[in-house]
Amino acid sequence: MYFLVVVLVLIQFYPTDKPLTYDNNPNGLLQNNQVPINVSSILKSACYDCHSNETKYPWYASIAPLKWLIYSDINKGREELNFSEWDIINKEEKAEILDDISTVILEEEMPLKKYTFFHPEAKLNPVDRENIAEWSDELLDSLYN
Amino acid sequence: MKNRITKVLVPFILLITLIFFSFSKGLNEEYITTSAIEPIEIPEDVKAVLDNKCTGCHSNDTKGGKSKMKMNFDKFTNGDYSTGKTISKLGKITKQLNKGKMPPKKFLEKYPDKKLTEEESNLLLNWASEESTILKKE
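Residues numbered from 1 in each chain as written. Chains lettered and ligands numbered in written order. Predicted model: local features only at pLDDT ≥ 70, side-chain atom pairs only at ≥ 80, totals over all residues.

Participant: Describe the overall build of chain A, with residues and values.
Facilitator: Helix and strand content of chain A: seven helices and zero strands. Listing every helix and strand of chain A by position from the N terminus yields α-α-α-α-α-α-α. Its C-alpha atoms give chain A principal-axis dimensions of roughly 65 × 30 × 25 Å. Taken across its 145 residues, chain A has 21% of its residues classed as buried. Long-range contacts, defined as pairs at least 24 residues apart, comprise 81% of the intrachain contacts of chain A with a sequence gap of at least 6. (Helix = DSSP H or I, 4+ residues; strand = E, 2+ residues; numbered from the N terminus. Buried ≥ 20, exposed ≤ 12 C-beta atoms within 10 Å, placed from the backbone. Contact = placed C-beta atoms within 7 Å.)

Written out as structure tokens, the structure reads:
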């Protein structure tokens with residue numbers, strides 16, 4: 001038992017880079033584009049923790065070993081899609097991202113189950129999913145019209 | 001009297017017709033932009049490769065949902081994909097083939113004959129890039 005406590009204390013000192021957060025995102029999707037409120041509110045509550053620079057860290061995200069998993073997921077999420085850098089993504093890539101958004105949302109691949117387990121407010125109902133898919137499909141079409 | 005009718009009534013009728021005409025045309029145009037596009041015609045040689053090696057998982061008749069959702073060649077040819085969607089799918093074909101990710105390794109372990117030859121892969125790659133260039137110009 002003591003051993004476990006000592007290990008838990010010790011791993012807290014293992015250096016880990018916390019993904020940085022920025023409040024000011026001049027190239028952000030919601031900053032420069034008109035996104036309907038029913039969509040933007042879902043993006044913020046269900047996607048932005050991993051897919052933007054505006055991550056809202058819960059208290060337990062600073063505690064190892066949990067933080068290792070959380071930080072790695074956030075880094076992966078931002079690499080795939082970072083809404084805070086939306087305006088500097090090129091058109092072809094935007095098209096493929098928007099195509100992916102409707103797929104992963106309708107297929108219920110996103111938000112990840114391990115995320116909604118800790119964030120029940122990020123659980124999406126079928127109407128939310130339809131709204132997101134419709135929005136992303138329309139935005140995709142508008143890129144080439 | 002007759003003169004007055006032609007002077008007032010004829011332009012009036014013309015105006016009404018014009019308004020109706022432009023109104024219905026406007027509606028039509030709006031309808032066209034939100035609906036499906038002209039179906040894409042896939043060249044025979046490309047289609048043969050797709051039918052032989054891809055549509056087993058990527059068509060309407062497929063049982064599994066995920067692979068069909070990500071790419072459905074039936075939607076290509078019957079115009080269910082919008083222009084933007086089609087361009088995105090063509091880009092994905094290019095990426096997947098260049099990375100050698102399709103058909104998936106696990107699938108090929110079971111069905112080794114479904115592996116794309118270099119020739120077939122190049123045929124699909126050329127088609128995807130040509131088709132995409134055409135669509136982007138339109």
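Participant: I'd love a proper account of the overall build of chain B, names of residues and values included.
Facilitator: Of regular secondary structure, chain B possesses seven helices and zero strands. Each helix and strand of chain B, ordered N terminal to C terminal, gives the series α-α-α-α-α-α-α. Across the 138 residues that make up chain B, the buried fraction comes to 18%. Within chain B, contacts between residues at least 6 apart in sequence are counted, and of these 61% link residues at least 24 apart.

Participant: Please give an account of the environment of Asn75 of chain A that cites residues and values.
Facilitator: Residues and elements named next belong to chain A. For Asn75, the position within the fold is in helix 4 (residues 66-80). Among the residues examined, Asn75 registers 13 C-beta atoms within 10 Å and is labelled partly exposed. Spatially, the C-alpha atoms of Asn75 and Leu143 are 28 Å apart, while their sequence positions differ by 68 residues.

Participant: Describe the interface of chain A and chain B, with residues and values.
Facilitator: Chain A puts 12 residues into the contact, and the matching count from chain B is 12 residues. Those elements that place two or more of their residues in the side of chain A that touches chain B are helix 5 (91-106) and helix 7 (126-143) of chain A. It is helix 5 of chain A that contributes the most residues to the side of chain A that touches chain B, six residues altogether. A breakdown of the residues in the side of chain A that touches chain B according to their chemical character gives five nonpolar, two polar and five charged. (Nonpolar A, V, L, I, M, F, W, Y, C, P; charged D, E, K, R; others polar.)

Participant: Run through the packing of helix 7 of chain A against helix 5 (residues 83-98) of chain B, naming residues and quoting values.
Facilitator: Packed helix pairs are characterised by how far apart their axes lie and by the angle those axes make with each other. For the pair helix 7 of chain A and helix 5 of chain B, interaxial distance at closest approach is 7 Å and the crossing angle is 85°. The orientation of helix 7 of chain A relative to helix 5 of chain B falls into the category roughly perpendicular. In contact with Leu140, Asp141 and Leu143 of chain A of helix 7 of chain A, helix 5 of chain B contributes Thr83, Gly84, Lys85 and Ser88 of chain B. By residue class, the composition of the contact of helix 7 of chain A with helix 5 of chain B is two nonpolar, three polar and two charged. (Axes fitted to C-alpha atoms, helices over the stretch in contact; angles between N-to-C directions. Parallel < 35°, antiparallel > 145°, perpendicular 65-115°, else oblique.)

Participant: Please provide a residue-by-residue account of unusual backbone geometry, values included.
Facilitator: Here the bond from Ala64 of chain A into Pro65 of chain A is cis, since omega is 5°, no more than 30 degrees from zero. Along the polypeptide, Pro65 of chain A turns up in the loop between helix 3 (37-51) and helix 4.

Participant: Would you mind going over the nonpolar core in detail, with residue names and values included?
Facilitator: Judged by nonpolar contacts, the single largest core of 22 residues is most densely connected at Leu98 and Ile132 of chain A together with Ala128 of chain B. Of all elements in the fold, only helix 3, helix 5 and helix 7 of chain A together with helix 5 and helix 7 (118-137) of chain B reach the threshold of two or more residues within this core. (Core = buried A, V, L, I, M, F, W, Y, C linked by C-beta atoms within 7 Å.)

Participant: Quick rundown of the packing of helix 5 of chain A against helix 5 of chain B? Include the residues and the values.
Facilitator: Contact pair helix 5 of chain A / helix 5 of chain B: the axes reach a minimum separation of 9 Å and the direction vectors enclose 100°. It follows that helix 5 of chain A is roughly perpendicular to helix 5 of chain B by the angle criterion. Residue-level inspection shows Glu92, Ala95, Glu96 and Asp99 of chain A of helix 5 of chain A in contact with helix 5 of chain B, the latter providing Gly84, Lys85, Ile87, Ser88, Gly91 and Lys92 of chain B. Taken together, the residues of the contact of helix 5 of chain A with helix 5 of chain B break down into two nonpolar, three polar and five charged.

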